[in-house]
Each structure stands twice: as structure tokens, then as C-alpha cells.
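If you want the building blocks of each chain, they are given just below.
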2 protein chains.
Amino acid sequence: MPYALEQLDTPFVAVDVDIVEDNLRRMQQQAEAAGLKLRPHTKTHKQPGLAQRQVELGAHGITVAKLDEAEVMLKAGLTDILIAYPLVGRAKAHRLALLMTRGLEPTISLDSLEALKTVALAGQLAGRSVNVLAEVDTGFHRCGLNGSALVELALTIHGTPGVRFGGLMSFAGHISGHRDVDRITRLIDEEDGMMHDLVRQITAHHVPVDDVSVGGTILSHHLQRLRTATEVRPGIYIFNDMGIVTAHAATIDQCAARVWATIVSQPEAHRLVLDSGSKMLSTDGPIDGCYGHIVEHPDWRIVRLSEEHAVVELPPNAAPAAIGSLVSIIPNHICTVMNLQNTVTAVRQGSVVASWPIMARGGTQ
Amino acid sequence: MPYALEQLDTPFVAVDVDIVEDNLRRMQQQAEAAGLKLRPHTKTHKQPGLAQRQVELGAHGITVAKLDEAEVMLKAGLTDILIAYPLVGRAKAHRLALLMTRGLEPTISLDSLEALKTVALAGQLAGRSVNVLAEVDTGFHRCGLNGSALVELALTIHGTPGVRFGGLMSFAGHISGHRDVDRITRLIDEEDGMMHDLVRQITAHHVPVDDVSVGGTILSHHLQRLRTATEVRPGIYIFNDMGIVTAHAATIDQCAARVWATIVSQPEAHRLVLDSGSKMLSTDGPIDGCYGHIVEHPDWRIVRLSEEHAVVELPPNAAPAAIGSLVSIIPNHICTVMNLQNTVTAVRQGSVVASWPIMARGGTQ
């Protein structure tokens, strides 16, 4: 007999499986319409079952952030995996080689000779070449190179035994936080232009650039603008969150994951406390000074988080709140929320259908 | 054969067991010297083994944040537990009653009639009274009442069947973030004055106030100032962190837990990337714009975190960094760091002695 999710003890994360399916299909269609391969970043959901569904619907392999995540996905039979992170050191080389002997067909992104040496060692240990993408910094200023340094790295990769130069990778993280669609599309055009120039410079050295892999859910809703990319790696699109809604790349109704919480205290008329603290919502953000969007009360503001407390400011004329009643919250950044959970609750039309273990959570090495 | 922690794959959390032991003994002595019971908050470490050690050294029971944590601690034989959180609703009442039938001797703090009703129901179901503390807001403005509302709540608790009025509880969270010791001690004196007044008002109604329980590691380093408290509930003191160091309540050498990370990228001379992102350090803080203190390079600044990347700004004349080399980081807020880990590595004099599972992590309900 089905039971309503309101019967569960709070706090918990509920994922609407119908919205997930819609989000997955829509992005797959967008990628196909733009003639791009879709390689979803699975660090958002951290669940092999959902990764398998992404591949069933047409994804060309998956993306992970770390070897721990690759290992979980490989155990579930997913072999075509981009590890979008510079692996550095002998321990990482040996671990990568071991996964390759178990069937992993890895692509690795990197931006240094040290990481290249690590990956080449793994290839040598495993007895076959590793596909390598040179990471491009298109404005996020995290990892990645650009200009002549990037071209030089690409040529070095091309000339290194034990690896195969597969192309370029970027992540347009600097688009996040912008709300103005004109500004967002201008940043995407700039990124596309940079990638175009780099491909031109590298191919001028008679080195082929097979793949140009670009990342981010917001960018993935503007695929028609991309001239150079061959592959797109959105992650958050499976669930969406307030970061994506703020960038006009999803609606509230397209957000599949919510944190359910109980009002546990109301010390003053205009302040109450929910039992969804930073251990549920994470302190990522805030957006407009708030740590998530309360669906039932859009004018309530989550202004402060402790580990187990969300402090909410009510508007001046708010109706009295009932201690003990439930609310649901769309998080600012769903990836970090998923990483905090041991399990999440899958629901369909308000009824509980499954408990999903977050098998790749905490995977950091 | 012992092995050095530098042989482990990064990132990981290492806990120095000798510093832990020193921190535990020092706080126990401080509490005893001040004539106060020590009831450590175990949400910092989330490990029954460390809770048992705290009790062995003289702690009068422990504190937890949620029923999940109480359950983990009860399974390890810890029965005298303060759940410092308002439990609201029938599910919580039934769970509390179940733990009582398994031997839990709970004390619960609360600030509403709804939470009181929940706890009274648990007492009724379990067939014995639950000890209840009225939560006082001394300035943190999270949960808790003050003035006549608090006194009225205390009297109502006293008159409610199924519960026993045990006294008052506060948490001086508003002290965190201050650096000026004069300002800190003034806030502590104010808190003590408030508790003193409330006790006077409640006892004027011929209702005894057996316990006055105050919280926080910073406050616990100024115990000689407290006239009214009977019990103190520090949590972070077992490890310490940059929040405590900033408040002059611990030194860097007294910080027992560090995140070890590898330099995985250096795209520019003055920017590098560590593999300890928000999944290791959490986004709590920042302190002076930084997400943790790099022990080996105090002038390097962790200015930005992604999930797997810590972006570090180097000073203008910094020596070249070596990609692949290790650094260790004292986090801003160690409680949230512990909650992110599945295990941490216990070390003594730089050698690995154990892997500790964070058994109460993710416990949120």
C-alpha cells in the first residue's frame, strides 16, 4: 500500500521520479537537436541507477569528479567515464590503472605536466593508452589554461607515450550567479569563441582535436549557440535547483528534489526554526540572502543555518505558522545536498516508491 | 609496521590522538576546577568511542543534537544523554519512547508547548518521566525564549504530567565570530546575568531549578565567570578549529584535526588548486575571507571552494609550489567537516594508528 511522503520523519530529501524522467529526456533531446553528445556529470546524483538511466536514454558515457565515483559507477557496469579532474601522484596512477584492468575506458582532463605524468603512468601500468583532454580556463579561473600555454600542453599531450590527445574540456562555472540572459549568452559566446580559436591553433600544428567538451547545466540550455563543442556535460539538470532557476534555465516545477522539514520552534512572531540545517541544505550560496526556497511559503526567508537549524524570517503580515507542520525546500545547490545524504526518498505523485542510497557520496579521493 | 600519513591518498582528515587526549583532559579539569558538570556535545566528533572516552575522563553524560545521534550513542552503552533539540511530532515521540525502553535516560530541551506535548507523549508511552530543560535565548536568536515567556514555559513544564522540569539550557552561539576577549567576556557575563534572573524568577514560584546548562567551547574557556551554571556543554574543544583559534580559546597546536590535501593544479604563478573542496572543508565561514588555515603556508589563502577544488591565492613573492606536494589545513568549523566524512584517520606522531568510522554522521532525524 502506498504511503504519503508526509508520513516520513523529517528532515529528508524527496526526489520526484516523474520530474527526473522529464528533465533527463528534455536534455537528451536538446543535445541531439544540437548534434552534440551528452555526457552527464553524475556527481549531482551520485547514483549508478540514475547514471544507467541517463545512458539508456542516449547519453554517450558519463562524467565523474574523482576516482571514488568512477569506481562506484564502474561496478554498476558503466565503463565510458570522463574523470573531469586532474589526477596527480603515484597513488592515483595505480588506482586508475587498477580500474582500467577492471574495464574502465577512461578519459581524463588535466592542465599540468605532473598530471600528464600520472595518467601516462596509469596507461603504462594498464597496458593501454588513456584518452586525455586538455582543460581550458574560459573564465572561471579554477583549473585550466588558455592561450599559448594551453596549446603547448595540447601538443605535449599529443607527443606523450601512454596517452592519446582527445581534445579540449572546459567548465563554464563563471556563468553561475548571473541572472541576465543577455549576459549569460554573451559569456557562452565568448567561451565558444575561445574554444574555436584554440582548436584552430592546435590543428594548425597538424594535431587533430576530436572532442571539445563543455560543461554546465545553464550553458546546456543554450546549445544552439555553440559552434565548436562536440560534447556537453550538464549535471544539475537531472534535479535542477535555485541556482538554475535564478539563471532562467529551469522553473520551480522542473525542480525534482526537495528537502522536507518540520517547523520545530517559533520563538517570535516573525522568526521560526526548521529542522533542515546545513547538514541538509549545505551552506552553499546564499542566493538573495536565502539558503533555499520554501515552496509553500515563497515569502518566507531562510536567512541563517546551523547544522540542524534553519532560521526563517517571516514577512511582517505573515499568517501564524503551526509548529509541527511541514514545508518543502528547493535547495540552492543540489549537488552538495545529495552529498550530505546517506539515502534519498523517491516519490511519484506524492507517494513513496523507493529509498535510494547515495552510493558515491563522500567519494573524495 | 607503522606508516606515515603522507603515504595516504588525499584528501583525508587526520586526527592527532595525543592532542585529542590533551584537549579532553584540559577541559575536564577546567570544568572540575569551576565546580561544573561537563556534558560534551558529541555532534562534533560523532563517534561513540570518543564519547566513551569523554565519560571515562569524568563527563556527566553527553549531549547530542538529534535522535539519530542518540541512537548511535545508546548502542555503545551511553545512556545519560541530553538531546539539545526541540522534538516535535508523533514520530519523534514514538522514537524517543522506543529508545527509553532500550535504556535511554534522556534530557530534552525545548521552547514550545508542541515540543512539550511530544516529550510528554514519549514519557507516557515509555512509562516514566522525561527530564526537560527550558531553552533560553541569551542572544543567539535561534531557538529559545527569555523573560516572562520563558518563566511561563518553565512553570508549564513543571505542571505537566509525564515530564520533570530539570532547569534551563542556553547556547551562546552569538559569541562565535568575536575576536575581542573583552567583548567575549562581556557577552558571557550578560548571559550569566540573564540565567541568574530567570532562576530567581522561577524559584520565586517555588519551582526548583536543578540545572542550568550552558553551551559552547569559547564560553567553556571562561568558566570562572559563571555564577549560575551547573553544567557546561562544549563540543568543538575535542578537536578545536579556526573559529576557536580566532576567539583566542585555542592555539594552532591545540587543533587536533586537519584536512590533508594535494596541490593538483597551478594555472598561474599566484593561484593553485588543492583537492580539498567543500566536500572536505564545507563552505562554513569564511574567516577573513578564507576557508581554512594552511599550516605549512600560513600566508596562502583558500579564497574559493568548489566541491572538489580549493582555490588558493599565493602572496606576491611566494616561492614556487610543487604540484603533487601535500599540505594540511585546519578547518574553520570542524563539526561540519566531520559530518562530511565516512571515516577519519587517527594518527600518533605522524603515523597512522586507526581508521575511525563517523558512525553518527548524516544523522539528521
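Quick caveat: nothing in here was measured; it's all calculated off a predicted structure.

Criteria and cut-off values
- Residues numbered from 1 in each chain as written.
- Chains lettered and ligands numbered in written order.
- Predicted model: local features only at pLDDT ≥ 70, side-chain atom pairs only at ≥ 80, totals over all residues.
- Helix = DSSP H or I, 4+ residues; strand = E, 2+ residues; numbered from the N terminus.
- Rg over C-alpha atoms; globule rule 2.2 N^0.38 Å.
- Buried ≥ 20, exposed ≤ 12 C-beta atoms within 10 Å, placed from the backbone.
- Contact = placed C-beta atoms within 7 Å.
- Expected span 1.5 Å × (residues − 1).
- Least-squares fit on C-alpha atoms with pLDDT ≥ 70 in both.
- Nonpolar A, V, L, I, M, F, W, Y, C, P; charged D, E, K, R; others polar.
- pLDDT = per-residue confidence, 0-100.
- Domains from an automatic or database assignment.
- Pairing = 2+ DSSP bridges.

The subject of this paragraph is the overall build of chain A. Secondary structure assignment for chain A yields 10 helices and 17 strands. A compact globule built from 365 residues would reach a C-alpha radius of gyration of about 21 Å, and chain A, at 22 Å, matches this within 12%. Dimensions of chain A along its principal axes, counting C-alpha atoms only, are 70 × 45 × 35 Å. Classification of the 365 residues of chain A by burial places 58% in the buried group. Considering only contacts within chain A whose residues lie at least 6 apart along the sequence, 69% involve residues at least 24 apart.

Take helix 5 (residues 113-126) of chain A next. Residues and elements named next belong to chain A. Compared with the 20 Å implied by 1.5 Å per residue over 14 residues, the 20 Å span of helix 5 between its first and last C-alpha is a close match. The element helix 5 is extensively covered by neighbouring structure, given that 11 of its 14 residues are classed as buried. Looking only at helix 5, the buried set comprises Glu114, Ala115, Leu116, Lys117, Thr118, Val119, Ala120, Leu121, Ala122, Gly123 and Ala126. On its buried face, helix 5 is in contact with helix 4 (90-101), strand 5 (105-110), strand 6 (130-136), helix 6 (147-158) and strand 7 (163-171).

This next bit is on the relation of the copies chain A and chain B. After a rotation of 180° and a shift along the axis of 0.0 Å, chain A superposes on chain B with an RMSD of 0.0 Å. Each copy turns onto its partner about a two-fold axis. Taking the C-alpha atom as reference, chain A places Thr283 of chain A closest to the rotation axis, 2.9 Å from it.

With that settled, consider the interface of chain A and chain B. Counting from both sides, the interface comprises 49 residues of chain A and, opposite them, 50 residues of chain B. Here the side of chain A that touches chain B gets five residues from one element, more than from any other, and that element is strand 10 (residues 257-268) of chain A. Looking at side-chain class alone, the side of chain A that touches chain B contains 16 nonpolar, 21 polar and 12 charged residues.

Within the secondary structure layout, Lys117 of chain A lies in helix 5. Separated by 30 residues in the primary sequence, Lys117 of chain A and Leu87 of chain A have C-alpha atoms spaced 9.4 Å apart.

Further remarks concern the confidence of the model for chain A. A residue-level look at chain A finds 99% of positions with pLDDT of 70 or above and a mean pLDDT of 96. Confidence estimates for the predicted assembly give a pTM of 0.97 and an ipTM of 0.97.

Now for the domain arrangement of chain A. When the parts come together, some accessible area is lost, and that loss is often what is quoted as the size of the interface. Residue and element names in this part refer to chain A. We note that the domain assignment places domain 1 (34-238) and domain 2 (252-357) within chain A. Each of domain 1 and domain 2 was reduced to a C-alpha centroid, and the two centroids are 33 Å apart. Across the boundary between the two partners, domain 1 contributes seven residues, which contact five residues of domain 2. Classifying every residue of the side of domain 1 that touches domain 2 by side-chain character gives one nonpolar, four polar and two charged.

Our focus in this paragraph is the pairing of strand 10 of chain A. All names here are of chain A. Across the 12 residues of strand 10, 11 count as buried, placing the element largely inside the fold. As paired strands, strand 1 (residues 12-16) and strand 10 are joined by four bridges and run antiparallel to one another. Residue pairing for strand 10: Val13 is matched across the bridge by Val259. Inspection of the sheet shows strand 10 paired to strand 15 (residues 326-330) by four bridges, in the antiparallel sense. Within strand 15, the position partnered with Trp260 by the bridge is Ser328. Adjacent in sequence and paired antiparallel, strand 10 and strand 11 (residues 271-274) are bridged by two residues.

Residues and elements named next belong to chain B. Read across the open sheet, the eight strands follow the order 2-9-8-7-6-5-4-3; overall the sheet is parallel. Because the sheet does not close on itself, it has two edges, and the strands there are strand 2 (37-38) and strand 3 (62-64). As defined by bridge partners, strand 5 (residues 105-110) adjoins strand 6 (residues 130-136) across four bridges and the pair is classed as parallel. When the bridges of strand 6 are listed, Ser109 appears paired with Leu133.

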